[in-house]
Amino acid sequence: MAHILHIDASPRGDRSVSRSLANQFITEWKAAHPDDTITYRDLGHHPVPFVSEAWIAAAFSSPDQYSPEMAEAIRISDELIDEFLAADQYVFSIPMYNFGISANFKAYIDQIVRAGRTFAVDETGYKGLVHNKKAVLILSQGGLYAEGSPAQSYDLQTPYLRLILGFMGVTDVEFIYADSLNMGDEARSQSIAKAESTLKEVALR
Ligand SMILES: Cc1cc2nc3c(=O)[nH]c(=O)nc-3n(C[C@H](O)[C@H](O)[C@H](O)COP(=O)(O)O)c2cc1C
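In what follows, the accompanying structure is described. (Residues numbered from 1 in each chain as written. Predicted model: local features only at pLDDT ≥ 70, side-chain atom pairs only at ≥ 80, totals over all residues. Heavy atoms only, no water.)

Turning next to the site of the ligand. Neighbouring the ligand are 17 residues; Ser 10, Ser 16, Ser 18, Gly 143 and Tyr 145 lie closest to it. Between the ligand and Ser 16, the relevant distance is 2.7 Å, taken from an oxygen atom to a side-chain nitrogen or oxygen of the residue. Between the ligand and the protein, one listed contact pairs an oxygen atom with a side-chain N or O atom of Ser 18 at 2.5 Å. With 3 residues, the single largest contributor to the shell around the ligand is strand β3 (residues 89–97). (Near = heavy atom within 4 Å. Polar contact = N/O pair within 3.5 Å; in protein donor to acceptor, adjacent residues only side chain to side chain. Helix = DSSP H or I, 4+ residues; strand = E, 2+ residues; numbered from the N terminus.)

This is how it looks when you write it as structure tokens:
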């Protein structure tokens, strides 16, 4: 039995492709793994705060030095990290905005990547502290950035997500793309159909 953390980052509702694909993934997953449990977070409609001065001060102080503002800032980060660490598997749906991840997902990353909680540093370098997790990332993109395509190097979403999850120790990452979404009806529907078939396969594993 596994515990899933499902996060949607698109601010769109029914019109969001990434949200719809993640919902389909979860439906398929539940059918194949009925005993698994799921925590859901909607960053698209309920973003988490940006890191603030109080947050930074608290992250590098002991609790007895916290002001009320520092305590509140770090409480939110602690809750998000506890939720992240409690899951065995992640299902994150994230739109491409300006070639990278949406700002609300970056705000989430800034809350959960914390020294002593999700990574450590010593004389040998950085060490991820998050082990034995799997991640399925469902990415929506208006253009086409697949390997070998002319705009491949514009995709900063994929390398960043691989790096930052790997930095925390999460290296078992599967990417599912709905790309070409703004490149005409045919390209769009073919890409969505391919993503739907991939997500069904991945959910059955
Ligand atoms: C503010 C904004 C910026 C975008 N930037 C890009 C981009 O740089 N490259 C791209 O391929 N698509 C871009 N898109 C298109 C989205 O990735 C596409 O519409 C996707 O379907 C959004 O995800 P959603 O359907 O889950 O909301 C952008 C869309 C918006 C609204």
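Let us look at the environment of Phe 175. Assignment of secondary structure puts Phe 175 in strand β8 (residues 172–178). Since its relative accessible area comes to 15%, Phe 175 is described here as buried. Taking the C-alpha atoms as reference points, Phe 175 and Leu 139, separated by 36 residues in sequence, lie 7.3 Å from one another. Beyond its immediate stretch of four places on either side in the chain, Phe 175 contacts Leu 137, Leu 139, Thr 158, Leu 161 and Arg 162. (Buried < 20%, exposed > 50% of the residue type's maximum accessible area, 1.4 Å probe, protein only. Contact = heavy atoms within 4.5 Å.)

Turning our eyes to something else, we now look at the pattern of salt bridges. Evaluation of the coordinates by the stated rule reveals 11 salt bridges. One salt bridge connects Glu 83 with Arg 41, and the closest N-O pair in it is separated by 2.7 Å. Separated by 42 residues along the polypeptide, Glu 83 in helix α3 (residues 68–86) and Arg 41 in strand β2 (residues 37–42) bring together distant segments of the chain. According to the relative accessible area criterion, Arg 41 is partly exposed, its value standing at 23%. One salt bridge connects Asp 82 with Arg 117, and the closest N-O pair in it is separated by 2.8 Å. Here Asp 82, found in helix α3, pairs with Arg 117, found in the loop between α4 (103–112) and β5 (119–122); they are 35 residues apart in sequence, far enough to count as distant. On the basis of relative accessibility, which here comes to 43%, the residue Asp 82 falls in the partly exposed class. (Salt bridge = Lys/Arg side-chain N within 4 Å of Asp/Glu carboxyl O.)

With that settled, the discussion passes to the side chain of Glu 83. The exposure class of Glu 83 is buried, given its relative accessible area of 17%. Beyond its immediate chain neighbours, meaning those up to four positions away, Glu 83 contacts Leu 5, Thr 39 and Arg 41.

Formed by 31 residues in total, the largest nonpolar core has its most connected members in Phe 84, Tyr 90, Phe 92, Phe 105, Tyr 108 and Leu 137. Contributing elements (two or more residues each) for this core: β1 (3–8), α3, β3, α4, β7 (134–140), α5 (157–168) and β8. Here this core takes 5 residues from α4, the largest share from any one element. Aside from chain neighbours lying at most four places away, what touches Phe 84 is Leu 5, Tyr 90, Phe 92, Tyr 108, Ile 112, Val 130, Lys 133, Met 168 and Val 170. Counting residues in each nonpolar core, the second largest holds 18 residues, with Trp 29, Val 136, Ile 138 and Leu 199 among its members. (Core = buried A, V, L, I, M, F, W, Y, C linked by side-chain atoms within 4.5 Å.)

In this section: unusual backbone geometry. Despite not being glycine, Phe 99 has its phi angle at roughly 70°, a positive value. Within the secondary structure layout, Phe 99 lies in the loop between β3 and β4 (100–101). Even without being glycine, Ser 180 reaches a positive phi, approximately 55°.

Now for a nonpolar patch on the surface. A surface patch of nonpolar side chains, amounting to about 300 Å² of accessible area, comprises Phe 99, Tyr 154 and Leu 156. One can find Leu 156 in the loop between β7 and α5. (Patch = residues over 30% accessible without salt bridge, like charges linked within 9 Å, V, L, I, M, F, W, Y side chains within 5 Å. Areas by Shrake-Rupley, 256 points an atom, 1.4 Å probe, with all protein chains shown as cover.)

Take the side chain of Ser 191 next. Tracing the sequence through the fold places Ser 191 in helix α6 (residues 185–203). Not counting residues up to four positions away in its chain, the partners in contact with Ser 191 are Tyr 177, Ala 178 and Asp 179.

The next point concerns the packing of aromatic side chains. How two aromatic rings sit relative to each other is given by the distance of their centres and the angle of their planes. Counted by the stated rule, this structure contains 12 aromatic pairs. By way of ring pairs, the aromatic residues Phe 84, Tyr 90, Phe 92, Phe 105 and Tyr 108 are connected into one cluster. (Phe/Tyr/Trp six-rings, centres within 6.5 Å; stacked < 30°, edge-to-face > 60°.)

Extensive coverage of β7 is indicated by the burial of 6 of its 7 residues. Bridge count for β7 against β8 is 7 bridges, and the pairing is parallel. Bridging from a neighbouring strand, Ala 135 pairs with Val 173 of β8. Crossover handedness for the path β7 to α5 to β8: right-handed. (Pairing = 2+ DSSP bridges. Right-handed = clockwise from strand over helix to strand, strands pointing away.)

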